[in-house]
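Spelled out, the chains give:
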Amino acid sequence: MIERRSFLFSLAAAGALPAVRSAARAGDSPPIDAALVLSGGGARGAYEAGFIGELAAVAQVPDGSPLPPYGLVCGTSIGALNGWFVATAQYRKLRELWYGISGQDIIALKPQYAALRDPESGLFDRAAAAVSLIELARNQSGILQSKPAYEWIVRNVDPRAPLAMPLVWAVTNLSHQRPEYFFVDPEIRSYERREQIARALRISLGPQTIVREATPEILHRAIFASVAIPIAFDPVMMPGPSGTIDAYCDGGVASNSPVGIAHALAGAADVILLSPPFEPGDPYGDAVEVAFGAFATVQRKLLEVEMRNTYFQSVGKRALRRLEPGELARVTRGNDLLARYVESIPETELRYARPAQALPLGVVAFDDASGIYDAYRRGWEDAARGFTPYDWETFVL
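Residues numbered from 1 in each chain as written. Predicted model: local features only at pLDDT ≥ 70, side-chain atom pairs only at ≥ 80, totals over all residues. Heavy atoms only, no water.

So, about the pattern of salt bridges. Across all of its chains, the model carries 14 salt bridges by this definition. We note a salt bridge from Arg212 to Glu180, for which the minimum N-O separation is 3.6 Å. Of this pair, Arg212 sits in strand β5 (residues 210-213) while Glu180 sits in strand β4 (residues 178-184), and the two are 32 residues apart along the sequence. Assigned by exposure class, Arg212 and Glu180 land together as buried. Between Arg351 and Asp270 there is a salt bridge whose closest N-O contact spans 2.8 Å. (Salt bridge = Lys/Arg side-chain N within 4 Å of Asp/Glu carboxyl O. Helix = DSSP H or I, 4+ residues; strand = E, 2+ residues; numbered from the N terminus. Buried < 20%, exposed > 50% of the residue type's maximum accessible area, 1.4 Å probe, protein only.)

Next up on the list: the confidence of the model for the chain. For the chain, mean pLDDT is 84; residues scoring 70 or higher make up 84% of the total. Across residues 1-30, where pLDDT falls below 50, the model places 81 contacts with residues more than four positions away in sequence or in other chains. (pLDDT = per-residue confidence, 0-100. Contact = heavy atoms within 4.5 Å.)

This paragraph deals with the nonpolar core. Counting residues in each nonpolar core, the largest one holds 71 residues, and the members touching the most others are Leu36, Leu67, Trp98 and Trp169. In terms of nonpolar packing, the next biggest core, distinct from the first, is built from 30 residues, Ile197, Leu201, Leu265 and Val271 among them. (Core = buried A, V, L, I, M, F, W, Y, C linked by side-chain atoms within 4.5 Å.)

The next point concerns the packing of helix α2 (residues 45-59) against helix α14 (residues 369-385). Orientation of α2 relative to α14, taken along the N-to-C sense of each, is 40°, at an axis distance of 6 Å. On the basis of their axis angle, the class for α2 and α14 is oblique. When you trace α2 past α14, the crossing you get is right-handed. Counting all contacts with α2, which are made through Ala46, Tyr47, Ala49, Gly50, Phe51, Gly53, Glu54, Leu55 and Ala57, the residues of α14 involved are Ile372, Ala375, Tyr376, Arg378, Gly379, Trp380, Asp382, Ala383 and Ala384. Its residues assigned to classes, the contact of α2 with α14 comprises 12 nonpolar, three polar and three charged. (Axes fitted to C-alpha atoms, helices over the stretch in contact; angles between N-to-C directions. Parallel < 35°, antiparallel > 145°, perpendicular 65-115°, else oblique. Left-handed = near helix turned anticlockwise from the far one by under 90°. Nonpolar A, V, L, I, M, F, W, Y, C, P; charged D, E, K, R; others polar.)

Our focus in this paragraph is the packing of aromatic side chains. Applying the stated criterion across every chain, the model contains 13 aromatic pairs. With a centroid separation of 5.4 Å and 55° between ring planes, the pair formed by Tyr390 and Phe395 is classed as tilted. The exposure classification of Tyr390 matches that of Phe395, with both residues buried. Taken together, Tyr311, Phe312, Tyr352, Tyr390, Trp392 and Phe395 form an aromatic cluster joined through their ring pairs. Lying across the ring of Tyr99, Arg95 places its NZ or CZ 4.5 Å from the centre. (Phe/Tyr/Trp six-rings, centres within 6.5 Å; stacked < 30°, edge-to-face > 60°. Lys NZ or Arg CZ within 6 Å of the ring centre and 35° of its normal.)

This part takes up the pairing of strand β8 (residues 268-272). For β8, a buried count of four out of five residues is recorded, marking the element as mostly surrounded by other parts of the structure. When strand β1 (residues 35-38) meets β8, the two strands line up parallel, connected through four bridges. Paired with Leu36 across the bridge in β8 is Asp270. (Pairing = 2+ DSSP bridges.)

Right, let's get into unusual backbone geometry. In the segment running from Pro68 into Pro69, the intervening peptide bond is cis, with an omega of 5°. Within the element layout of this structure, Pro69 appears in the loop between α2 and β2 (72-76). One non-glycine residue, Gln177, adopts positive backbone phi at about 50°. Looking at the secondary structure, you find Gln177 in the loop between β3 (167-173) and β4. You can call Gln177 exposed: its relative accessible area is 74%.

Here it is as structure tokens:
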């Protein structure tokens, strides 16, 4: 048994061997210098698009060229969709899509719920629509039509578009109640490359982590699955890793701001959040508000866990660099498990940006043109102020 003091010392100093950043990062490809992390938040993703637009404008990056200093983009939900246009270096198209999305009618209630939103409907129709909501507990799994949103993704996400950098995004496999991670990569597709990415994510996120390449055949469904908010959309059905047809939904269930992906693969991460520090609002008025409030609480806690883990592992990594080789060897002597842990833990410089106040539109308010324009403008302005270094004592959920 290693002494408790020695174990805590080595844990605090975990992983800064001079030759490698981590076992996974010492593979065939050089480590990625920096990653851009894009959070989920539905229509509030307009803020991310504005932020990205300003970064590209300041760097004077034309379409087709990677956005400096990033070599990787990670996303969840709307962050995965925005991330596609960063990974394919289509900055102008990203702006055009957000400025035109309010006229695309991508959010449509199912017919039996339409009266809830139609001010011209009579009392009887509203009552019938309200009663039909009860069906969600029996034979319905979402109140919105999936087809308009999915067809918008098919029209605008071209699997043939050349990639300027890798994209990794999170989804939730409901059939197996676990997160899964999809990726696309500009390098030649190979088993070795896929396993390299998988090894890195398993070190950071757990040994049973499922990592899959989003081939052109499943790309659209894999992106739509990440944005399919529970209750709002029906689950997305697509082949699972074992070949069975599984049900998938919003990656935000497991990781709405996938900091852990960046921590596994990159030496630095800039995270764009879509929520300001929490401030109590009006009391919850109905069951739907309670459900989404609970969901938001889980998302904030997962964000805190991922950012703190990244921060403290990185602090430990840097501390180990100050040790003499003999000290490290003495701590890990006779404990192969600890030695492997020390060698493999990643190090990532972590920064974040977020709106100072709540963005002026709802999660599914893709038809709110003024709210989208305002959120885009705020993102553009906030990008000019840059990112804030993360500190666990000052960061407020």
